[in-house]
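# Tertiary structure, described
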Amino acid sequence: MNKVLMNCPNGHGKMAIRNTRKKMTFRGINIIVPSEHYVCTVCDLEASTVDQTAAVQKAISDAYRKAVNLLTGKEIVEKRKNLTLTQEALAKKMNVGIASIKRWEGGTIQSKSMDQALRIALEGKSVGDSYTGNRMFSIPRIKLVLNQFESLLGRRILKKDDKMLFAAKYLWYADMIAHRETGESMTGSTYAALPYGPQLNNYKDLIDDIMKANESRVEPLSTEEKRIINRIAIKFPRDKMVYDAAHKETIWKKQPRGAIIPYTDSAKLTEI
Ligand SMILES: [Zn+2]
C-alpha cells in the first residue's frame, strides 16, 4: 500500500498510522474487519487515504463472503492461479465477461448462483485435462498452427514421410505457452517425452490425417494465439534451434522416456 505521510489539517504536523479491527454489521451479518487509517496524536482527528479506504471495502467484502460461505476475492485469485488460468481464461470457461472476474476478485460480491459456477470452474476439474490442455483434440487445428508457422518461417515444416522431429517441437511450444498464458492449449494434442524430445503422441498415425485435414472449418487462431506463434517463430527461426531448446526444457528432461508431459507443467517452461 502507498504510505503517503499525511499532515493533520489542524496544523499538528505528521499524523500516525493506526491499525485496528472494526466490528460492524454488513447486510445483517456481524463481521470484524482489519482497518488502517491515519490519526493525529494531538487532536485525535482520523483520516484515510484512497488506498486505505479501498482496502477496507475489500476487507468488508471478503469478511462478509467468508461469513456467508461464498468464495472470497482472495480465494478466487488463489484457486485461479493454482490452475494457471488467466482472468480471461476463467471468464471463457464460465461464459461470463472478464470484467465480472475482475470485479469479484476486486471485492464485488457474487450471487449465490455465480458462486456455484465459480466453484465448478475452479474446483471441479475434469480428469484428462492435463493431457489435452483444457481443449478438445483437433487435427485440423494442428494443421492451422503449422500453417501459421510455415508462413512466418517461410518454409515447410511438415513434410510427407516426416517424423515430425521439428514440426512437433514448434507445436509443443505453441500448445504449452498457450496453456500457460490463456488457460488452454491450441490443438488439444498430447505430448510424450521421447528420447529425441517432446513428440506428438501417436504421431505416426496422425501425419497423414494432419496433411489431409481441412483447416478452414475449425475455429480460427485468436490474436493471442497468433502472437504466441509469432514469438516462437522469432525465437527459433531454424529447426535446430527449436530442437536444441526443447532438449533443454526441464519439463521434458524430468519425465521418464515415453511418459506424457502434462500441461500442468507449462508454468515451468522457459520464457519465450
Ligand atoms: Zn491534529
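Here, residues in each chain are numbered from 1, in the same order as that chain's written sequence. A pLDDT threshold of at least 70 governs which residues receive local features in this predicted model, and a stricter bar of 80 or more applies before side-chain atom pairs are shown or counted, although totals over entire chains, interfaces and linings include all residues. To get the side-chain values, take all heavy atoms of the structure and skip hydrogens and water.

## Quick notes on the sheet that holds strand E1 (residues 16–26)
Threshold: Only strands that DSSP links by at least two bridges are regarded as paired with each other. Strands here are runs of E lasting at least two residues and helices are runs of H or I lasting at least four, both read from the DSSP assignment and numbered beginning at the N terminus. Residues are treated as being in contact if the distance between any of their heavy atoms lies within 4.5 Å. Fitting a line to C-alpha atoms yields each axis, with helices limited to the stretch in contact; the angle taken between N-to-C directions then spans 0 to 180 degrees.
Pairing within the open sheet is antiparallel, and its three strands lie in the order E1-E2-E3. Edge strands, defined here as strands with exactly one partner in the open sheet, are E1 and strand E3 (46–47). Relative to E3, strand E2 (residues 29–39) is paired through two bridges, and the arrangement is antiparallel. Note on E3: the bridge partner recorded for valine 39 is glutamate 46. Of the strands in this sheet, E1, E2 and E3 are in contact with helix H1 (residues 50–67), which crosses E2 at around 165 degrees.

## Regarding the coordination of the zinc ion
Put simply, the rule is: For Na, K and Ca the donor cut-off is 3.2 Å, and for all other metals it is 2.8 Å, counting N, O and S atoms only; because water is absent from this set, sites may look incomplete. A four-donor site is called tetrahedral if each angle lies between 85 and 135 degrees; a four-donor site is square planar, and a six-donor site octahedral, when trans pairs exceed 155 degrees and the remaining angles lie between 65 and 115; all other cases are labelled irregular. Residue exposure (1.4 Å probe, protein chains only): buried if accessible area is under 20% of the type maximum, exposed if over 50%, otherwise partly exposed.
Protein-derived coordination of the zinc ion comes from Cys8 (SG), His12 (ND1), Cys40 (SG) and Cys43 (SG), at a distance range of 2.2 to 2.3 Å. Every donor counted, the four donor atoms about the zinc ion form angles of 106 to 113 degrees at the centre, which fits tetrahedral coordination. Looking at histidine 12, the relative accessible area reads 34%, which means it is partly exposed.

## Section: the packing of aromatic side chains
The test is simple: Side-chain rings of Phe, Tyr and Trp (the six-membered ring for Trp) are treated as a pair once their centres are within 6.5 Å; stacked means planes under 30 degrees apart, edge-to-face means over 60, and tilted covers the remaining angles. Over a ring means this: the NZ of a Lys or the CZ of an Arg is within 6 Å of the ring centre and within 35 degrees of the ring normal.
Taken as a whole and assessed by the stated rule, the structure comprises five aromatic pairs. Between phenylalanine 26 and tyrosine 64, the ring centres sit 5.3 Å apart and the planes meet at 80 degrees, which makes this aromatic pair edge-to-face. Placement of the pair is phenylalanine 26 in strand E1 and tyrosine 64 in helix H1, with a sequence separation of 38 residues. On the basis of relative accessibility, which here comes to 25%, the residue phenylalanine 26 falls in the partly exposed class. Judged by its relative accessible area of 11%, tyrosine 64 falls in the buried class. Centre to centre, the rings of phenylalanine 166 and tyrosine 243 are 5.8 Å apart; their planes meet at 65 degrees, and the pair counts as edge-to-face. With a gap of 77 residues between them, phenylalanine 166 in the loop between helix H7 (139–153) and helix H8 (167–182) and tyrosine 243 in helix H11 (residues 239–248) connect regions that are remote in the sequence. Among the aromatic residues, ring-to-ring pairing joins Trp172, Tyr173 and Phe236 into one connected group. Just above the ring of tyrosine 64 sits the side chain of arginine 27; from NZ or CZ to the centre is 5.5 Å. One residue, arginine 257, lies across the ring of tryptophan 252, its end atom 4.3 Å from the ring centre.

## Some details on the environment of leucine 71
Here leucine 71 shows up in the loop between H1 and helix H2 (73–82). Distance from leucine 71 to tryptophan 104, taken between C-alpha atoms, is 9.2 Å for residues 33 residues apart in sequence. For leucine 71, the contacting residues outside a window of four places in its chain are Arg65, Ile76, Lys79, Gln110, Asp115, Leu118, Arg119, Leu122 and Glu123.

## Brief notes about the side chain of arginine 80
Mapped onto the elements, arginine 80 comes out in helix H2. Setting aside anything within four residues of it in sequence, one finds arginine 80 in contact with Leu85, Thr86, Gln87, Leu90, Glu105 and Leu122.

## Considering H1
Quick reminder of the rule: Expected helix span is computed as 1.5 Å times (number of residues minus one).
End to end, H1 covers 26 Å across 18 residues, agreeing with the expected 26 Å (1.5 Å per residue, within 8%). Among all positions of H1, only Gln52, Val56, Ala59, Ile60, Ser61, Asp62, Ala63, Tyr64 and Arg65 are buried. Each element contacted by the buried residues of H1 is listed here: E1, E2, E3, H2 and helix H4 (98–106). A positive backbone phi angle near 65 degrees is found at asparagine 69, which sits one or two residues after H1.

## Thoughts on the pattern of salt bridges
Heads up, the condition is: Take a side-chain nitrogen of Lys or Arg and a carboxyl oxygen of Asp or Glu: if they are within 4 Å of each other, that pair is a salt bridge.
This structure, assessed with the given rule, holds 18 salt bridges. Note that arginine 65 is salt-bridged to aspartate 62, the shortest N-O span being 3.1 Å. Of the two residues, arginine 65 and aspartate 62 are both situated in helix H1; the distance of three residues between them amounts to about one turn of the helix. Glutamate 224 serves as the salt-bridge partner of arginine 227, at 3.3 Å between the closest nitrogen and oxygen. Separated by three residues within a single helix, arginine 227 and glutamate 224 lie in helix H10 (residues 223–235), roughly one turn from each other. What you see here is one network of salt bridges that share partners, running through Lys92, Arg135, Arg141, Glu184, Glu219 and Glu225.

## Considerations on the nonpolar core
What counts, and what does not: Here, nonpolar core refers to any group of buried Ala, Val, Leu, Ile, Met, Phe, Trp, Tyr and Cys residues whose side-chain atoms link them within 4.5 Å.
Core analysis: the biggest nonpolar cluster contains 46 residues, and Phe149, Met164, Tyr173 and Ile232 have the highest contact counts within it. Elements with a contribution of two residues or more to this core: H7, H8, strand E4 (191–194), helix H9 (203–212), H10, H11 and helix H12 (250–253). In this structure isoleucine 232 touches Phe149, Tyr170, Tyr173, Ala174, Ile177 and Ile272, once residues within four positions along its chain are discounted. Judged by nonpolar contacts, the second largest core, of 14 residues, contains Leu71, Leu85, Ala89 and Leu118.

Just distances and angles here, no functional claims.
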